[in-house]
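Read off the chains here:
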Amino acid sequence: MNRQNYASGAVGTQQLRGGARSRRPVGTLPFRYLRRAAAPVGGRPATRWTGQICPIVLTDITAFSAHRRSDEDRLILRRTMYDMLQRAFEAAGLMWRELHTEDRGDGTLIVVPPDTPASAVAARALGHLAAALRWHNQSASDALRMQLRVALHAGPVIRDAQGVTGHAINQTARLVQARILRKLLTETRADLGVIVSAYIYDYVIRQHEGQPMDATPYQKIRFRVKESALTAWIHLTGVASE
């Protein structure tokens with residue numbers, strides 16, 4: 001991947017009288033691509049959803065509250081995550097402003113409009129995200145090294161004035177919290193752990209094998225979360241041996 005896709009844009013500018021512009025730095029952060037303002041959260045596309053089938057993404061930064069991290073470290077990690085997510089989705093042709101996003105503290109919920117194929121997320125956006133995360137971790141300190149869990153599912157979504165709801169969103173939340181995914185990330189020190197529902201694997205990933213997705217690296221798992229017994233598929237990228 002061309003790393004310049006994730007390089008910093010120009011710093012902010014301020015309009016002055018007479019049409020002149022002066023540079024105004026957005027902030028001082030340890031990684032160049034973070035100088036771009038952090039992606040906005042809580043996006044609310046105008047279209048109302050009343051049960052349409054939407055691709056659903058839920059992310060979670062592993063060990064976000066670990067003692068080795070300060071509050072400043074956590075702020076940088078959040079900004080890094082949002083910056084990488086926005087760039088990855090937009091590189092895949094999915095404009096961030098058209099997605100529904102909700103901040104979750106150590107992660108984010110992203111609902112993609114129902115007219116967007118899930119393959120745009122599974123094949124393209126996650127590939128860009130994996131590359132950006134790998135680049136970040138190559139030079140990050142221990143406190144700022146990020147292991148990101150990403151769950152992908154699809155199902156009916158309902159939206160009201162406060163946000164979105166639906167059984168499919170609940171299932172996506174259970175996927176991202178799977179203990180076996182946490183365990184595998186700890187054991188392998190992988191950058192990115194992707195977990196997809198059986199629906200996404202069977203009807204998206206397997207149907208597009210090698211174009212450019214490849215079903216081979218996915219591992220089938222079965223696990224229980226609360227009252228649910230789930231089948232899912234896991235794929236790790238950026239493991240220590242790579």
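To be clear, the structure that these remarks concern was listed above.
Attention now moves to the nonpolar core. Nonpolar side chains in soluble globular proteins tend to be buried together. Judged by nonpolar contacts, the single largest core of 43 residues is most densely connected at Phe-89, Leu-129, Leu-148 and Val-196. Breaking this core down by element, the ones donating at least two residues are strand E3 (50-61), helix H1 (71-91), helix H2 (119-139), strand E6 (148-160), strand E8 (192-197) and helix H5 (198-205). When residues of this core are assigned to their parent elements, the largest contribution, nine residues, is made by H2. Grouped together as the second largest cluster of nonpolar side chains are 27 residues, Val-157, Val-164, Ala-168 and Ala-232 included.

Turning next to the pairing of strand E5 (residues 107-111). Of all five residues in E5, five are buried; the element is thus mostly enclosed. Sheet topology note: the E3/E5 ladder contains five bridges and is antiparallel. Within E5, the residue paired with Asp-60 across the bridge is Gly-107. Bridge analysis of strand E4 (residues 100-103) against E5 gives four bridges, and the strand direction is antiparallel. Residue Asp-103 lies in a different strand from E5, and its bridge partner there is Thr-108.

The final tally for this structure, using the stated rule, is ten salt bridges. Measuring nitrogen to oxygen at the nearest pair gives 2.8 Å for the salt bridge that ties Asp-83 to Arg-87. Of the two residues, Asp-83 and Arg-87 both sit in helix H1, four residues apart, roughly one turn of that helix. With a shortest N-O distance of 3.2 Å, Asp-191 and Arg-134 are connected by a salt bridge. One end of the pair, Asp-191, is in the loop between helix H4 (179-188) and E8; the other, Arg-134, is in helix H2, with 57 residues separating them in the sequence. By relative accessible area, which is 28% here, Arg-134 ends up partly exposed. Here the salt bridges share partners, and the residues they tie into one network are Arg-134, Arg-145 and Asp-191.

What follows concerns the packing of H1 against H2. The interhelical angle for the contact between H1 and H2, taken along N-to-C directions, is 140°, at an axis separation of 8 Å. Taken together, the axes of H1 and H2 lie oblique to each other. For H1 against H2, the interelement crossing comes out right-handed. Within the contact between the two elements, H1 uses Thr-80, Met-84, Leu-85, Ala-88, Phe-89 and Ala-91 and H2 uses Val-121, Ala-125, His-128, Leu-129, Ala-132, Leu-133 and His-136. Class assignment of the residues belonging to the contact of H1 with H2 gives a composition of ten nonpolar, three polar and no charged.

Of the voids in this model, the second largest pocket is the one considered here, and its volume is about 170 Å³. Lining the second largest pocket we find Thr-62, Ala-63, Arg-68, Arg-69, Asp-142, Arg-145, Met-146, Gln-147, Leu-185, Thr-186 and Arg-189.

Another point: the side chain of Thr-59. Inspection of the secondary structure assignment puts Thr-59 in strand E3. The class of Thr-59 is buried, set by a relative accessible area of 2%. Apart from residues lying up to four places away in sequence, Thr-59 is in contact with Met-81, Leu-85, Asp-106, Gly-107, Thr-108, Leu-148, Arg-149, Val-150 and Val-176.

About the cut-offs
- Residues numbered from 1 in each chain as written.
- Predicted model: local features only at pLDDT ≥ 70, side-chain atom pairs only at ≥ 80, totals over all residues.
- Heavy atoms only, no water.
- Core = buried A, V, L, I, M, F, W, Y, C linked by side-chain atoms within 4.5 Å.
- Buried < 20%, exposed > 50% of the residue type's maximum accessible area, 1.4 Å probe, protein only.
- Helix = DSSP H or I, 4+ residues; strand = E, 2+ residues; numbered from the N terminus.
- Pairing = 2+ DSSP bridges.
- Salt bridge = Lys/Arg side-chain N within 4 Å of Asp/Glu carboxyl O.
- Axes fitted to C-alpha atoms, helices over the stretch in contact; angles between N-to-C directions.
- Parallel < 35°, antiparallel > 145°, perpendicular 65-115°, else oblique.
- Left-handed = near helix turned anticlockwise from the far one by under 90°.
- Contact = heavy atoms within 4.5 Å.
- Nonpolar A, V, L, I, M, F, W, Y, C, P; charged D, E, K, R; others polar.
- 1 Å grid on protein atoms, 1.4 Å probe; cavity = no way out; pocket = protein on both sides within 12 Å on 5 of 7 lines; lining within 4 Å.
- Points joined across faces, edges and corners; volume = space filled by probe spheres on them.

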